[in-house]
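Topology and contacts: notes
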Amino acid sequence: MPSTKKNTKPDKKRAVRKPPAQPIKRKAPAKPTARKRSAPIKPAPLKASVKPKVLKPQAISVVKTAQALVVKSETSLMKVPAQAEKTAPDAKPESAAYQPEIIEPKWQKAWDQAGLYRAVIDRSRKKFYALTMLPYSSGDLHIGHWYAMTPSDARARFMRMRGWNVMFPVGFDAFGLPAENAAIKRGIHPKKWTYSNIDHMRGQLRAMGSMWDWEREAVSCDPEYYRWTQWFFIQLFKHGLAYKKLSPVDWCPNCNTTLAREQVWGDDRHCERCETPVIKKNLDQWFFRITKYAEELLDFAGIDWPERVRTLQTNWIGRSAGARVSFRTEADDPLEVFTTRPDTLWGATFMVLAPEHPLVETLTTPERKAEVAAYVQQALRQSDIQRESADKEKTGVFTGGFAVNPVNGVRIPVWIADYVVITYGTGAIMAVPAHDRRDFDFALKYGLPILPVINRTDGLTKSFALAKTMKPGLAEALRAEAIPFEEREGSLCITIPAEKIDRYIEIARARLQPGCWNEIVGTRWQFIFDDGVCDWDSIDSEQEILARCQELEPNVRGKRSLMEMVWSLEFYRDALFHDQNGEMIHSGEFSGTPGAAAVKKVAEWLTVRNAGGPTVSYRLRDWLISRQRFWGAPIPLVRCPVHGQVPVPEDQLPILLPDDVEWKPTGESPLKLHPTWARAKCPVCGGEAERETDTMDTFMCSSWYHLRYLSPKNDRAAFDPAEYDYWMPVDCYTGGIEHATMHLIYTRFFHKACRDMGITRGPEPMLQLRNQGIILGEDSEKMSKSRGNVIAPDVLVKKFGADTVRAYLMFFARWDQGAPWSSTGIEGTHRWINRIWGLAANAPKHTSAPADEHAARTLTRATHQTIRRVTRDFERFEFNTIISGLMEFTNTLYKYRETSLYGSPEWEQAIDSLLLLAAPVAVHMTEELWRRRKGPQAESVHRQAWPVYDPALAAEDEVTIVIQVNGKVRERLKLPAGIGKEEACTLALANEGVKKWLEGKTPRQVIFVPDKLINLVL
Ligand SMILES: [Zn+2]
Ligand SMILES: [Zn+2]
C-alpha cells in the first residue's frame, strides 16, 4: 500500500524529535505483573540482534521497581531495532495481563502526540471524508453516541488502512434550548454551561480511542463559528432565499411569550410552565426558501443513501401533480384551490377553508359569526400534526357563505374545518365527498350532498329490493336472467353484473309496487319510480330524488342527503365510496373520458377557460428559521424605518450574543429584554435602527458544520477553498435515521443553495449515508432515566476497557437495526478480547504436539478466508459478522497454539493478520500487541496496510458438489476443489447413493458447474 509507506517517513521524523512521553514522576503501573515468566513473543524465527533494550536514564527512573525491570528486560527479547534507545513511545513495563486501564490512556496520549490522526491534504493520495453526526453538547455522551460513532470510526480506520487519506473530524452542536433552561434553573450563563459540558464530553470522546482529528474540531456556539453561520444567512438573504413573513407560533397567553415545540405539553397543548392552554399567534418570522429546491431534493441520482431515508424524504417533500382551480365567492373574491384530482371537479359539493384562511371573515354571515369565531379559536390551539392526523374525528362549521364552481356554475357552501391547514397548498380545498374518504366522512356527518362523478373500475353494482316494495316473481325473474342475489327476510340483496344492468331495470320496473321505488348504486346511480327512472347525476337531481323518496316513505324523512339514505343500508356500503381513477361520469361534456387521460385533459381545459391549470404541489414548506430564543446565532440584520431589513456589513460579523444578560423565567429571550443590545445604526443611512432579536434554528448551524471542519480556524472565510477542493464531498456520512427529514434535507438544501450562490460545487454534499439502529435497554424498552434502564458507557469503559465496548457495540446487533443491550453479551466479548491478548502476548505452556503440513495449510486458509470475510463485511458495514469472523479465527488459532505450528511463519502471519483485522475495532489492544511484536520503533498498527487475501490460499481443499438426477437433488459429495468434469462424473456415477437413482441407465447428458453441481440427465 503506497500510502502508508509514504506516511512513514515524516512520522518517523516526528517520532524522533518527540521528547520521551513519560514524565519523570510517573508512577509505575499499579499492578506490574510480577509473574515469573512472561514468555518471549517471537521465539524461533528471529534473527535480529537480540539484545536487552537500553533504557534512557529517565525511563529507568520511571521503572524503578525490580519487578518492572524484570518485565522490561524480558519483553525486550522482541525484535528491537538498532536505535531502540532513542525513543520508546512510552517507556513502561509491559504486562503479561491485559490491562486496558493502562494501555488505553497510554496510546490515546501517544497517538495524540504523534499526530497520528491528523488529516492533511496529500494530492498524491485519494481522499476519504468520513463524517459522523456531531453530538449536541448535552454534557454527557451516552451509549447511543458510542453506538453511532465507534463503528463509524472502525469503518474510517478500515478505509485508512486500505490506502485512503482519511479525515474523521468531530465537533459540537452547541446552541439550543436546554442550555437556556439550565441557565434559568441554575442562574448560569448558557455559554458557561455549554462549554463546561463540552470539556467533559471531549474527555469522553477521547476515551473511545477514535481517530478524531481534534485540530479540526468545530463548536457551533464559538463566535468564530457563528460568524460564518451569520455570513451564510446574509448570502441567502441577498439571493432572495431568506425572507420574512407572518407565521403562527405557539404562544402562552398567561406567560405572554412564545413557546418552543418542546415546551408545549400534553394532548390539550398546555404551557410547560403555567399549564395554560397555548394558542397560535402570528409573528413576523424568517424563512429559508427550501421549497424552491423541492424538485431537485427529490432527485437522489448519484448518491448512495438508504432506501428508507430516500422514501422518508420523498414523502416529506410530498410532490403531487394536479391542478390549480379558481373558484369565486359570491362576493366575487377569488378562492383558489389545489387538487390532484381535477377530474372530480363536477363532484365538488362544498368547499372547506382552513380556519386561518383570510377569506373566512368576509365569507361568514352575521348569524354564523359567533359559532365560526369559537371554532377558529379552538383550532388555533392545536398543532398542524394533530389537525391533520388521520384518526382524528373531523369537525367543522358552515360559514354561511357560498362559492361558485367554475366548471358548472353550481353554488356550493363554504365551511371551515381544522383538518385543512393554511400552510399546505392554498389553505382551501374543494370537497369531493364521493371520491375522497375524508370529505366523504365529513359530508355524511354534516348531511352535505354527495355526487359520484367517477365510475368504479371494479364494476360493482348493487340493488336492494325491499320485500313489500316489489311484486312477487322478482326472484324467479332474476334467476331466469342469471342475476345473482341473496334473500334476506323476504328482501333481495342483488349484485348486478355490468352487462345486465339495463335488463335488471326492466325487470325491476315491471315488478315495482305502486308508490314505491327501487335504486341501483355502484356503477349506475339510478332510482326507479313507477313513472320512470331518475338519474342521480347532479346536486339538483340528488335533492329532487331525496324529496320524492321522503314524500313516499316517512322513514327516510330524517335523511339530509341521498347518500345518507342509501348509506343506512349495510349491504350498499362497499359500493358507495371509491377513490379509483375510473371513467368520468356526470361531468357534462367530459362524461365518458377514460380515467387515464382525465386529470390531464381537465387541467388543460382549465387553462383554456382561464380557471386554473396544471400545476405541481409539494407538502414541503419553507424552513422556519426564526427562534424567539437567546442561545442561538443572532440573525444578522437590522431594521431601519427607511430602508427596511438591512444586512449587517460582513466585516462587522459576528453579531455577538451579549454576556451581560439577566435570566428571568419570563420565557422571553434576554435579547429582547436587554437594554441596549438591539440598538443599532442602519448600515445604509446611519440612522437609528433596530437589531433582529430572533436567533437561528440550530439546524442552520448543523447544515454546514462539515464545511467548517475543513478549516475551523480560518478567519477569512467559512472554509478554505483548497481544503474544499481536496476533501469535499463527504464520502461517507453516518448517523441516526431520525434525522432523515430535518437535518438531512436541510443540509442538502443548504449545499444546493450555496452551489447556486457560487460557494460550493457539485450536486450533493454527502455521497454515501448509513444509519445505525437504536439500542434498547436490557428490558427491550427505550432507554430512559425513569425506567432506570440506561446504560452508561463511562462505567463500561471503566469495567471492561473501551476496546471491549467498541467490539461489543459492533457485535451485538446488525448495526442498522440495533437491539436490546445485554450485560452477559458484553462479558462474552470481553472474554474474546482477552483471548486475543492471550494469543499474542503470552506464549503457550507446551508447543510439543506435532502439526503436519495439512495443519499449516488449514491455518493459512483460515487466515486468508478471514481476511476475505472481514474485508467484505467492512465494505458492507456489516460489523457484527466482522466480529464473529474474528472470533472464529481466534478459536482456530487456539486450536493450533500448543502444537509445533506455534511460532512458524504460518502462525506469525496468522497473528499479524488477526491484529491488523482487529485494529479498527480494538484500537488500543492491537496497538499494544503490535508494538510489542514489532518492537517499540515499529510503526503504529494503525499505519499498516490492510492485509490482502490470496484467493488461492483462501480456497477450500474440498468442496461440496450437489449431484442431481434429472434436475432433482439426490446426493452431495465432498470432492477436491477444482476437480475436472470427467473425474467428478466418474466419482459421481460410482457413488452408491447416486447409482440407485440411475436405474442402471447411462446418462444422456451431463451438466457440470465446477465446484458446485453435476446434473445427470437420463
Ligand atoms: Zn405559561
Ligand atoms: Zn436606513
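These remarks concern the structure in this document. Computed from a predicted model, the values in this text were never measured in an experiment.

**Looking at the overall build of the protein**
If you tally the helices and strands in the protein, you get 35 helices and 35 strands. A total of 1018 residues make up the protein; the buried ones form 56% of that total. Total accessible area computed for the protein in this model is approximately 44500 Å², and 53% of it derives from carbon and sulfur atoms.

**Quick look at the coordination of the zinc ion (ligand 2)**
The protein atoms donating to the zinc ion (ligand 2) are Cys-640 (SG), His-643 (ND1), Cys-682 (SG) and Cys-685 (SG), with metal-donor distances spanning 2.1 to 2.3 Å. For the zinc ion (ligand 2), the four donor atoms in the first shell make angles of 103 to 117° at the metal, a pattern classed as tetrahedral. Mapping the donors of the zinc ion (ligand 2) onto the primary sequence yields the spacing C-x2-H-x38-C-x2-C. Pair noted here: Cys-640 is in strand E25 (residues 637-640) and Cys-682 is in the loop between strand E27 (679-681) and strand E28 (688-691), with a separation of 42 residues, a long-range link. Grouping residues by exposure puts Cys-640 and Cys-682 together as buried.

**Quick notes on the sheet that holds strand E35 (residues 1013-1017)**
Read from one edge of the open sheet, four strands run E33-E32-E35-E34, paired in mixed fashion. Across the chains shown, the open sheet's two edge strands, defined by having one partner strand only, are strand E33 (968-976) and strand E34 (1005-1009). Averaged over all neighbouring strand pairs, the angle between strand axes comes to 20°, with direction disregarded. Here E34 pairs with E35 via five bridges, running antiparallel. Residue pairing across strands places Phe-1008 opposite Ile-1014, the latter belonging to E35.

**A word on the pattern of salt bridges**
Under the defined criterion, the tally for this structure stands at 62 salt bridges. Lys-600 is paired through a salt bridge with Glu-604; the nearest N and O atoms lie 3.6 Å apart. Separated by four residues within a single helix, Lys-600 and Glu-604 lie in helix H20 (residues 595-608), roughly one turn from each other. Note that Arg-932 and Glu-928 form a salt bridge whose closest N and O atoms lie 2.9 Å from each other.

**A closer look at unusual backbone geometry**
In this structure, Pro-654 follows Leu-653 across a cis peptide bond, with omega equal to 0°. Position of Pro-654 relative to the elements: it lies in the loop between strand E26 (644-647) and helix H21 (670-673). In this model, Met-728 is joined to Pro-729 through a cis peptide bond whose omega is -5°. Looking at the secondary structure, you find Pro-729 in the loop between helix H24 (721-727) and strand E30 (732-736). Notably, Glu-275 is not glycine yet its phi reads approximately 70°, a positive angle. Among the secondary structure elements, Glu-275 is positioned in the loop between strand E8 (270-271) and strand E9 (279-288). Since its relative accessible area comes to 58%, Glu-275 is described here as exposed. Even without being a glycine, Asp-332 presents a positive backbone phi close to 70°. Note that Asp-332 resides in the loop between strand E10 (320-329) and strand E11 (334-339).

**Observations concerning the side chain of Ser-587**
Examined against the element boundaries, Ser-587 turns out to sit in the loop between helix H19 (573-576) and H20. Not counting chain neighbours up to four residues away, the residues in contact with Ser-587 comprise Trp-346 and Val-453.

**Thoughts on the packing of helix H15 (residues 474-481) against helix H16 (residues 501-511)**
The N-to-C vectors of H15 and H16 enclose an angle of 160°; their axes lie 10 Å apart at closest approach. The angle between H15 and H16 falls in the class roughly antiparallel. With respect to the hand of their crossing, H15 and H16 are arranged in right-handed fashion. The residues of H16 that touch H15, namely those facing Leu-474, Ala-477, Leu-478 and Glu-481, are Arg-503, Tyr-504, Ile-507 and Arg-511. Considering only residue class, the contact of H15 with H16 consists of five nonpolar, no polar and three charged.

**Concerning the packing of aromatic side chains**
According to the stated counting rule, one finds 52 aromatic pairs in the structure shown. With a centroid separation of 5.4 Å and 40° between ring planes, the pair formed by Tyr-98 and Trp-837 is classed as tilted. You can see Tyr-98 sitting in the loop between helix H3 (66-75) and helix H4 (100-114) and its partner Trp-837 sitting in helix H28 (residues 823-841), a full 739 residues away along the chain. Its relative accessible area of 2% is what places Trp-837 among the buried residues. Summarising the aromatic geometry, the rings of Phe-233 and Phe-288 are spaced 5.5 Å apart at their centres and angled 50° between planes, so their arrangement reads as tilted. Of the two residues, Phe-233 is situated in helix H8 (residues 223-238) and Phe-288 in strand E9; the sequence distance between them amounts to 55 residues. By relative accessible area, which is 0% here, Phe-233 ends up buried. We note Arg-206 situated over the ring of Trp-214; from NZ or CZ to the ring centre the distance is 4.7 Å. Sitting over the face of the ring of Trp-930, Lys-934 holds its NZ or CZ atom 4.8 Å from the ring centroid.

**Describing the nonpolar core**
Ranked by size, the top nonpolar core spans 182 residues in total, and within it Phe-232, Trp-821 and Phe-874 carry the most contacts. No other element matches helix H5 (residues 143-161), which puts nine residues into this core. In this structure, Trp-821 is in contact with Ile-143, Ile-775, Leu-776, Gly-777, Glu-778, Met-783, Ile-791, Leu-796, Tyr-808, Leu-809, Phe-812 and Ile-826, ignoring residues within four places of it in sequence. Core analysis: the second largest hydrophobic core is formed by 78 residues, Trp-415, Leu-451, Val-566 and Leu-606 among them.

**Some details on the pairing of strand E18 (residues 491-495)**
Of all five residues that make up E18, four are buried, and the element is covered over most of its length. Here four bridges tie strand E16 (residues 462-465) to E18, and the two strands are oriented antiparallel to one another. Bridged to Phe-464 within E18 is Cys-493. Where strand E17 (residues 485-488) and E18 come together, four bridges link them in antiparallel fashion.

**Let's talk about the sheet that holds E28**
Strand order in the open sheet formed by four strands is E26-E25-E28-E27, with antiparallel pairing between adjacent strands. Both outer strands of the open sheet, E26 and E27, are each paired with one neighbouring strand and no more. This sheet shows a mean twist of 45° between the axes of neighbouring strands, independent of strand direction. Across two bridges, E25 lies against E28 in antiparallel orientation. Across the sheet, Val-638 pairs through a bridge with Arg-691, a residue of E28.

**Thoughts on the environment of Thr-344**
Tracing the backbone through its elements, the reader meets Thr-344 in the loop between E11 and strand E12 (350-353). A residue is classified by how much of its surface remains accessible, and Thr-344, at 4% relative accessible area, is buried. The spatial distance from the C-alpha of Thr-344 to the C-alpha of His-586 is 9.8 Å, given a sequence separation of 242 residues. Among residues more than four places away in sequence, those in contact with Thr-344 are Met-430, Val-432, His-435, Val-453 and Ile-454.

**Observations regarding helix H26 (residues 793-800)**
Among the residues making up H26, those that are buried are Pro-793, Leu-796, Val-797 and Phe-800. When H26 is viewed along its axis, its buried side chains cluster within an angular range of 100° and face the same direction. Residues of H26 that are exposed and point over 90 degrees away from its buried face: Val-795, Lys-798 and Lys-799. If you follow the buried residues of H26, they end up packed against H4, H5, helix H27 (802-811) and H28. Looking one or two residues past H26, Gly-801 carries a phi angle of roughly 95°, positive in sign.

**Some remarks on helix H6 (residues 177-186)**
When H6 is considered as a whole, its buried residues turn out to be Leu-177, Ala-179, Glu-180, Ala-182 and Ala-183. Residues of H6 that are buried sit in contact with helix H7 (190-207). Positive backbone phi, at 70°, marks Gly-187, one or two positions downstream of H6.

**Thoughts on the side chain of Glu-553**
Within the element layout of this structure, Glu-553 appears in the loop between helix H17 (539-552) and helix H18 (562-567). As a buried residue without a salt bridge, Glu-553 has its nearest oppositely charged side chain in Lys-468, at a separation of 4.0 Å. Leaving out residues up to four positions away in the same chain, Glu-553 has contacts with Lys-468 and Trp-517.

**Remarks on the environment of Phe-398**
In this fold, Phe-398 is placed in strand E13 (residues 396-404). Remark: the alpha-carbon pair of Phe-398 and Ala-417, spanning 19 residues in sequence, is separated by 8.9 Å. Not counting the four nearest positions on each side in its chain, Phe-398 is found in contact with Arg-368, Val-372, Pro-413, Val-414 and Trp-415.

Scoring rules and cut-offs
Per chain, residue numbering runs from 1 following the sequence as it is written. Chain letters and ligand numbers both follow the written order, the letters beginning at A and the numbers at 1. In keeping with the model being predicted, local features are shown solely for residues with a pLDDT of at least 70 and side-chain atom pairs are shown and tallied solely at 80 or more, while totals for entire chains, interfaces and linings include all residues. Hydrogens and waters are ignored; side-chain quantities use all the structure's heavy atoms. Secondary structure elements follow DSSP: runs of H or I of four or more residues count as helices, runs of E of two or more count as strands, with numbering from the N terminus. A simple rule labels every residue: compare its accessible area, found with a 1.4 Å probe on the protein chains alone, to the largest value its type can have, and call it buried under 20%, exposed over 50%, or partly exposed in between. Where accessible areas are quoted, they stem from the Shrake-Rupley method and a 1.4 Å probe; at the residue level, only the protein chains shown are allowed to cover. The donor set covers N, O and S atoms within 2.8 Å of the metal, switching to 3.2 Å for Na, K and Ca, and it leaves out water, so a site may look short of donors. The geometry test gives tetrahedral to four donors whose angles all lie between 85 and 135 degrees, gives square planar to four donors and octahedral to six donors whose opposite members are over 155 degrees apart with all other angles between 65 and 115, and gives irregular to the rest. Here the rule is simple: two strands pair whenever DSSP picks up at least two bridges between them. To obtain each axis, a line is fitted to C-alpha atoms, and for helices this fit is confined to the stretch in contact; angles are then taken between N-to-C directions over 0 to 180 degrees. The term salt bridge refers to a pairing of a side-chain nitrogen on Lys or Arg with a carboxyl oxygen on Asp or Glu at a separation within 4 Å. Residue contacts are defined here by distance: any two heavy atoms, one from each residue, within 4.5 Å place the two residues in contact. Throughout, the term roughly parallel applies to angles under 35 degrees, roughly antiparallel to angles over 145, roughly perpendicular to angles from 65 to 115, and oblique to all others. Definitions for this section: a left-handed crossing has its near helix turned counterclockwise from the far helix by less than a right angle. A right-handed crossing has that turn clockwise. Nonpolar residues are Ala, Val, Leu, Ile, Met, Phe, Trp, Tyr, Cys and Pro. Charged residues are Asp, Glu, Lys and Arg, and all others, Gly as well, are polar. When the centres of two rings from Phe, Tyr and Trp lie within 6.5 Å, Trp using its six-membered ring, the rings pair. Their planes under 30 degrees apart give stacked, over 60 give edge-to-face, and anything left gives tilted. Counted as over-ring charges are cases with an Arg CZ or a Lys NZ within 6 Å of the ring centre that also lie within 35 degrees of the ring normal. The set of buried Ala, Val, Leu, Ile, Met, Phe, Trp, Tyr and Cys residues whose side-chain atoms join them within 4.5 Å is what this entry labels a nonpolar core. This arc is taken over the directions from the axis of the helix to the C-beta atoms. Positive: Lys, Arg. Negative: Asp, Glu. His and the chain ends are not part of the count.

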